[in-house]
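Listed below are the residues making up each chain.
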Amino acid sequence: MFQGLVRYVPAVNDAMVRGAVYPRRSLVLVAGVPGAGKSTLLRRLFGLRGDEERPVLTADGVRVIDSLQSRYRLGPLLGRIPYPLWRWVVHVLHLGQVAAALRGGPVVVHECGTRRPVRVLLALLCRLHRYEVHVLMIDATPQEARSGQNARGRRVTELSHRAHSRRWRRLRAATRRGTAAFAPGVRSLLALDRRRARELAWIRFGPCTDARGPLHTAMELPSAQIELVMSDTW
């Protein structure tokens, strides 16, 4: 358990509910290597179909942004060109969608998290817009990630897979020392293996209420917490 600087802590694996609660002015970054289960988690918790071309605004006012939305949006224009040649355009549009979503309401973002410049840029955007950054890392082994890619029918190249896995190993080791290893200003970090990620039943935003209410009370502490439940089979 790491002590940092934050008031609110995600509440997970409660005796009655399994979920996480964050302040409304938060960006929750769902990170993991390709195939870890990020898109699956967003579909399950926020009702995404998986074929959206634009960020989704839920009934609770949460803006959910998956990088696939940018790819599907650009597909009709650039689909005849090999994807590696216009992948960078997808990344730029994805980051632009995140910047546009920082309007005061909660934002949930799909991002692999293995590129430090992107992590730092997202943290900077949140700082400029006075957002808190919270991270949910889905820790999958290379074998699990490959299985996830096969299941969704979208495989990255072997070279890209090895690069993501290598950077992820370094990142997961660094974050054991504190949230700043992920990006400056991160207020909390919750790292779960794939099994625990599947058990996560909800992510909610708002003021903390009594534990008997719809939101489990997040203890107000003078420090942040980092909870790690990572796979030990790398």
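For clarity, every value in this text was computed on a predicted model and none was experimentally measured.

### Re the side chain of S188
Then, number 1: Within the secondary structure, S188 is located in strand β8 (residues 186-193).
Then, number 2: Assessed through its relative accessible area of 2%, S188 is described here as buried.
Then, number 3: A distance of 2.6 Å separates polar atoms of two side chains, one belonging to S188 and the other to H134.

### Structural notes on empty space enclosed by the protein
Over the atoms, a rolling probe the size of a water molecule traces out where space has been left empty.
Then, number 1: The tally for this structure, following the rule as stated, stands at three cavities of 30 Å³ or more.
Then, number 2: Looking at the largest cavity, the residues that line it are S39, R43, L48, G50, E52, D66, L68 and Q69.
Then, number 3: Residue composition of the lining of the largest cavity, by class: two nonpolar, three polar and three charged.

### Notes on the packing of helix α2 (residues 67-78) against helix α3 (residues 83-101)
Then, number 1: In contact at an axis separation of 9 Å, α2 and α3 are set at 130° when each is read in the N-to-C sense. Relative to α3, α2 is oriented oblique. Between α2 and α3 lies a crossing whose hand is right-handed. Residues S67, S70, R71, R73, L74, G75 and L78 of α2 touch α3, and the partners they reach there are Y83, W86, V89, V90, L93, H94 and Q97.
Then, number 2: Classifying every residue of the contact of α2 with α3 by side-chain character gives seven nonpolar, five polar and two charged.

Procedures and definitions
Residues numbered from 1 in each chain as written. Predicted model: local features only at pLDDT ≥ 70, side-chain atom pairs only at ≥ 80, totals over all residues. Heavy atoms only, no water. Helix = DSSP H or I, 4+ residues; strand = E, 2+ residues; numbered from the N terminus. Buried < 20%, exposed > 50% of the residue type's maximum accessible area, 1.4 Å probe, protein only. Polar contact = N/O pair within 3.5 Å; in protein donor to acceptor, adjacent residues only side chain to side chain. 1 Å grid on protein atoms, 1.4 Å probe; cavity = no way out; pocket = protein on both sides within 12 Å on 5 of 7 lines; lining within 4 Å. Points joined across faces, edges and corners; volume = space filled by probe spheres on them. Nonpolar A, V, L, I, M, F, W, Y, C, P; charged D, E, K, R; others polar. Axes fitted to C-alpha atoms, helices over the stretch in contact; angles between N-to-C directions. Parallel < 35°, antiparallel > 145°, perpendicular 65-115°, else oblique. Left-handed = near helix turned anticlockwise from the far one by under 90°. Contact = heavy atoms within 4.5 Å.

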